[in-house]
Amino acid sequence: MGRKLLTEHINVEGIDTMAVYRQHGGYRSVEKALKTMTPDEVVEEVKKSGLRGRGGAGFPTGMKWSFLAKPEGVPRYLVCNADESEPGTFKDRQLMSKLPHLLIEGMITSSYALGANTSYIYIRGELLYVLRILEKAVAEAYAAGFLGKNILGSGYDLDLHIHPGAGAYICGEETALLESLEGKRGNPRNKPPFPAVSGLYARPTVVNNVESIAAVPVIVNEGGEEYAKIGIGKSTGTKLISACGHVKNPGIYEIEMGVPVEEFIYSDEYCGGIWKGRELKAVVAGGSSVPILPKSLILKTAAGEPRLMTYESLSDGGFVTGTMLGSGGFIAMDETTCIVKNTWNFSRFYHHESCGQCSPCREGTGWLEKVLHRLEHGHGQMHDIDLIVNVAKQIEGNTICPLGEAAAWPVTAAVRHFRDEFEWHVTHPHEATRPGAVYHGGLVLA
Amino acid sequence: MAKITYDGIEIEVPDGTTIMNAARQLDGKLAPPAMCYYTPLKGSGGKCRACLVRVAAGSAKDPRPMPKLVASCITPVQDGMVVENNSSPQVLEVRKGIVEMLLINHPLDCPVCDQAGECSLQDFAFEHGLSTTRYEEERRTFDKVDIGPLIQLHMTRCILCYRCVYTADQLTDGRVHGVLGRGDASEIGTYIENIIDNDFSGNVIDVCPVGALTDKTWRFKQRVWFTKPVNAHRDCETDQCAGRVTLWYKGPEVLRVTGRKDENGEVKEWICNTCRFDKKETTDWTIEGPAPVDRSSVVSANHYELPVLNQQVIADMPASTVRELAQNPPLKLGGLNG
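This is a predicted model, so every value here is computed, not measured.

Caption draft 1: Structural detail: the packing of aromatic side chains. According to the stated counting rule, one finds 18 aromatic pairs over all chains in the structure shown. Relative to A:Tyr156, the ring of A:Tyr112 lies with its centre 5.3 Å away and its plane at 80°, an arrangement referred to as edge-to-face. One end of the pair, A:Tyr112, is in helix H6 (residues 100-114); the other, A:Tyr156, is in the loop between helix H7 (128-143) and strand E3 (159-164), with 44 residues separating them in the sequence. For the pair shown, A:Tyr112 and A:Tyr156 are each scored as buried. Between A:Tyr169 and A:Tyr350 the ring centres are 5.8 Å apart and the planes differ by 70°, which places this aromatic pair in the edge-to-face class. Of this pair, A:Tyr169 sits in the loop between E3 and helix H8 (174-181) while A:Tyr350 is found in helix H15 (residues 339-353), placing the two residues 181 residues apart along the sequence. Through a chain of ring-to-ring contacts, three or more aromatic side chains come together here, namely A:Tyr253, A:Phe264, A:Tyr270 and A:Phe330. Between the NZ or CZ atom of B:Lys47 and the centre of the ring of B:Tyr162, over which it lies, the distance is 4.8 Å. Seen from the ring of B:Trp285, B:Arg234 lies directly overhead, with NZ or CZ sitting 5.8 Å from the centre.

Encoded structure:
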């Protein structure tokens, strides 16, 4: 069993209250940082830790912090991206609802490091009950003197606001999130300028994922170097993986970076294997937008090395034979899963969630969804398979924000690895549309 | 000043100029197409992706190419930047894709659309699009919404360039229309029907690149290429109204009044609704003279495509006939003078 840095006390009774959280060493990092460290020292520790953004892109958090513009007399902001809505990802919800004080502690320490006196948590609108939990925790933190004016007598002031979104996946994109936070329509902005220069209210802003911020207290308490000892290479520390789909034990697992994928799926410590004694067919390793991989490629890289749960190992082989760690939404699919139906389902999601601002994504996501709907329902033709790949290519890289790519990648990857299944839907429309029908190397399993 | 190379041509422009504007200084015809960018509107651009160009070298300091195509309307130039527009096959390929995307849900009702002949999407598709479609699905449609007594909204034609939203935002107090919904279901809407009512609302008609917003007083009256544009002005009492317009004549009648468009098809001086909708008599105006119309425009040619005479036929014609035709512009003599 690996070390648990974030979720060690997650099942302690009453850990969502200030008193119990303090008993388990809560808010130590705030005291340590504010009383014994300068903001730059905190940034330096985070840099040393090698912590990479846990929201999906995996950009080094310390580097992101050091890019923050610091003009004199201009306020800076830290915004926590709690708009977790990637299909398959549900780690932040759990973290926030069970350990609200961990996030708040991280926000205080991080805000101090960045010199922000006002910080925001932008939480997904659907998570209203989590919002209530967080609000209660923030009130407790104000009462205990961890928020407000002159925190712990250090002279540092911080106000923390929680803002719920209105239910748009696109507001998880950092600039769309900032627009939404400003009270506007959540359309992503053109970049540059990047938020580090001109973000919230045109001020320098850092946007970090919940899990990234929650890791900061651990890093400050234990030291960046200590944190960097966990994991392999440039993937340091622990990562929350939300495992779902056809595994025996779906749920949230905090793993040390570098656990082999095979162990993660089959070991009883983690997912416990595929349910109902079935075979694994495919895995979407990091939330719905990353490329899907068949069993052979998810367990081993194309070079035959065992694949590990790290940023590097999962993306080994590029998009031809690899995928991404993404946000850690691990979706396993057993042999009865229809890949065409699954791809259509993902596509439907992106069609629904495209903001409609730039033309390739607005029109292309709808087009993909309609053609995939046809293929799935037995009305497709052979040229439709090439068509969806081509449309996906037209979207990819030509949009304002990464949603276009997120919509295109699952489609191209599904056709790349499961083309025969798409073709079977065209050549055998009657079999393919029977309820529960699944392509299995030319056999139909009902 | 920054020196850039645009499609092999060197040009020096002030720092902070966008690639699009640098190219326009060179020649508007060489500039990338713009479907959403509109110089006078702050914040516009970056949405349609029609103007994507390849930056082969970022700057003199950092000559690496940019990883993705960039929107030329919002990307500022850097000294030593090398930009490829029409010289890059990748750009032309992507542009073909953008035309396709813009057209899959566009109704293609050009024969009955008032914008035909002066439509940016028509020009863009004519220049970069394919003559066939791969789209077999049903087109997206919207319920008709009445947004006001003067302006007709055809939401099915809209390409969501957001220009009208910026216009209403920056020209008038209290914008009452905006974009509702999201994805391909997003639409320009007022939420409350029949509400657009202010002195400068008519300008959204001029900025609309397609026939989504048209002038109700001009609807179905005439095809634009049968009218003659004439520049005129009047002393307008409305604050901030330029009073300088283009009148579109058919015979002695003024069929419509629009703002004056520059060589890039942009209105630089806004006009009020009184000038646009109420002053439709020649006596209301001081005529300045014919408005310049681009030779390639259908407005000047009365044709979509100039007929090119067969070489063989020309060779057999008497010399006097050839001379006569050459002096009479409606026909272009292929190979003879062109």
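We are not done yet, so read on.
Caption draft 2: Quick peek at the domain arrangement of chain B. Residue and element names in this part refer to chain B. Here chain B is described as being made up of domain 1 (2-88), domain 2 (110-215), domain 3 (224-289) and domain 4 (304-338). Just the C-alpha atoms count here: the centres of domain 2 and domain 3 sit 22 Å apart. Contacts between domain 2 and domain 3 engage 16 residues on the former and 19 residues on the latter. When domain 2 packs against domain 3, the two sides together hide about 1,400 Å² of surface, and 53% of this comes from carbon and sulfur.

Caption draft 3: Quick look at the nonpolar core. Ranked by internal contacts, the top residues of the largest apolar core, which has 78 residues, are B:Ile19 and B:Ile188. Ranked by residue count, the leading element in this core is helix H2 (residues 89-104) of chain B, at five residues. Filtering out sequence-adjacent residues up to four positions away, B:Ile188 remains in contact with B:Leu153, B:Met155, B:Cys158, B:Leu160, B:Cys164, B:Val165, B:His177, B:Gly178 and B:Val179. The next biggest cluster of nonpolar side chains, apart from the first, holds 61 residues, and it includes A:Leu34, A:Val43, A:Val130 and A:Leu134.

Caption draft 4: Quick look at helix H17 (residues 382-395) of chain A. Looking only at H17(A), the buried set comprises A:Asp384, A:Ile385, A:Leu387, A:Ile388, A:Val389, A:Val391, A:Ala392, A:Gln394 and A:Ile395. Those residues of H17(A) hidden inside the fold are in contact with helix H16 (359-376) and helix H18 (403-427) of chain A together with H2 of chain B. The first or second residue beyond H17(A) is A:Gly397, which carries a positive phi of 80°.

Caption draft 5: Expanded view of the side chain of A:Arg189. All names here are of chain A. Along the chain, Arg189 turns up in the loop between H8 and strand E4 (205-209). Taking relative accessible area as the criterion, Arg189 reaches 18% and is therefore assigned buried. Separated by 2.8 Å, the side chains of Arg189 and Glu182 make a polar contact. A distance of 2.9 Å separates a polar side-chain atom of Arg189 from the backbone oxygen of Gly199.

Caption draft 6: View of the confidence of the model for chain B. All names here are of chain B. On average, residues of chain B score 88 in pLDDT, and 93% of them are at 70 or above. Taken together, the stretch residues 329-338 has pLDDT below 50 and engages in 20 contacts with residues farther than four places along the chain or on a different chain. Here the predicted complex scores 0.91 on pTM and 0.89 on ipTM.

Caption draft 7: Representation of a nonpolar patch on the surface in the model. All names here are of chain A. Residues Phe59, Met63 and Phe67 make up a contiguous nonpolar surface patch of roughly 290 Å² in combined accessible area. Mapping Met63 onto the fold places it in helix H4 (residues 61-66). A residue is classified by how much of its surface remains accessible, and Met63, at 37% relative accessible area, is partly exposed.

Caption draft 8: Layout of the sheet that holds strand E2 (residues 9-13) of chain B. Residues and elements named next belong to chain B. The strand order across the open sheet built from five strands is E2-E1-E5-E3-E4, with neighbouring strands paired in mixed fashion. Edge positions in the sheet fall to E2 and strand E4 (70-71), since each has one partner strand and no second. Against the sheet, helix H1 (residues 19-26) makes contact with strand E1 (2-6), E2, strand E3 (52-57), E4 and strand E5 (82-84), and its axis sits at roughly 110° relative to E2, the strand it touches most. Lying on the sheet, H2 is in contact with E3 and E5; it crosses E3 at an angle near 160°.

Caption draft 9: Spotlight on the domain arrangement of chain A. Residue and element names in this part refer to chain A. Looking at the assigned domains, one finds that chain A contains domain 1 (18-229), domain 2 (241-334) and domain 3 (339-445). Contacts between domain 1 and domain 3 engage 13 residues on the former and nine residues on the latter. Buried area between domain 1 and domain 3, both sides added, is near 930 Å², and the carbon and sulfur share of it is 64%. Sorting the residues of domain 1 by area buried against domain 3 places Tyr169, Ile170 and Pro188 first, and these three jointly supply 49% of that buried surface. Scanning the region where domain 1 abuts domain 3 turns up zero salt bridges. At the boundary of domain 1 and domain 3, one finds three residue pairs in polar contact (both at pLDDT 80 or more). In terms of residue class, the side of domain 1 that touches domain 3 is made up of five nonpolar, four polar and four charged.

Caption draft 10: Seen up close, the sheet that holds strand E11 (residues 329-334) of chain A. All names here are of chain A. Strands sit in the order E8-E7-E11-E9-E10 across an open sheet of five strands; the sheet is mixed. Where the open sheet ends on each side, the last strands, each with one partner, are strand E8 (251-256) and strand E10 (292-294). In this sheet, neighbouring strand axes are inclined to one another by 30° on average, regardless of whether the strands run parallel or antiparallel. The pairing of strand E7 (residues 238-245) with E11 spans four bridges and is parallel. Each bridged residue has a counterpart across the sheet, and for Gly245 the counterpart in E11 is Ala332. H18 contacts strand E9 (280-284) and E10 of the sheet and is inclined by roughly 40° relative to E10.

Conventions we followed
Residues numbered from 1 in each chain as written. Chains lettered and ligands numbered in written order. Predicted model: local features only at pLDDT ≥ 70, side-chain atom pairs only at ≥ 80, totals over all residues. Heavy atoms only, no water. Phe/Tyr/Trp six-rings, centres within 6.5 Å; stacked < 30°, edge-to-face > 60°. Helix = DSSP H or I, 4+ residues; strand = E, 2+ residues; numbered from the N terminus. Buried < 20%, exposed > 50% of the residue type's maximum accessible area, 1.4 Å probe, protein only. Lys NZ or Arg CZ within 6 Å of the ring centre and 35° of its normal. Domains from an automatic or database assignment. Contact = heavy atoms within 4.5 Å. Buried area = accessible area lost by both parts, 1.4 Å probe. Core = buried A, V, L, I, M, F, W, Y, C linked by side-chain atoms within 4.5 Å. Polar contact = N/O pair within 3.5 Å; in protein donor to acceptor, adjacent residues only side chain to side chain. pLDDT = per-residue confidence, 0-100. Patch = residues over 30% accessible without salt bridge, like charges linked within 9 Å, V, L, I, M, F, W, Y side chains within 5 Å. Areas by Shrake-Rupley, 256 points an atom, 1.4 Å probe, with all protein chains shown as cover. Salt bridge = Lys/Arg side-chain N within 4 Å of Asp/Glu carboxyl O. Pairing = 2+ DSSP bridges. Axes fitted to C-alpha atoms, helices over the stretch in contact; angles between N-to-C directions. Nonpolar A, V, L, I, M, F, W, Y, C, P; charged D, E, K, R; others polar.

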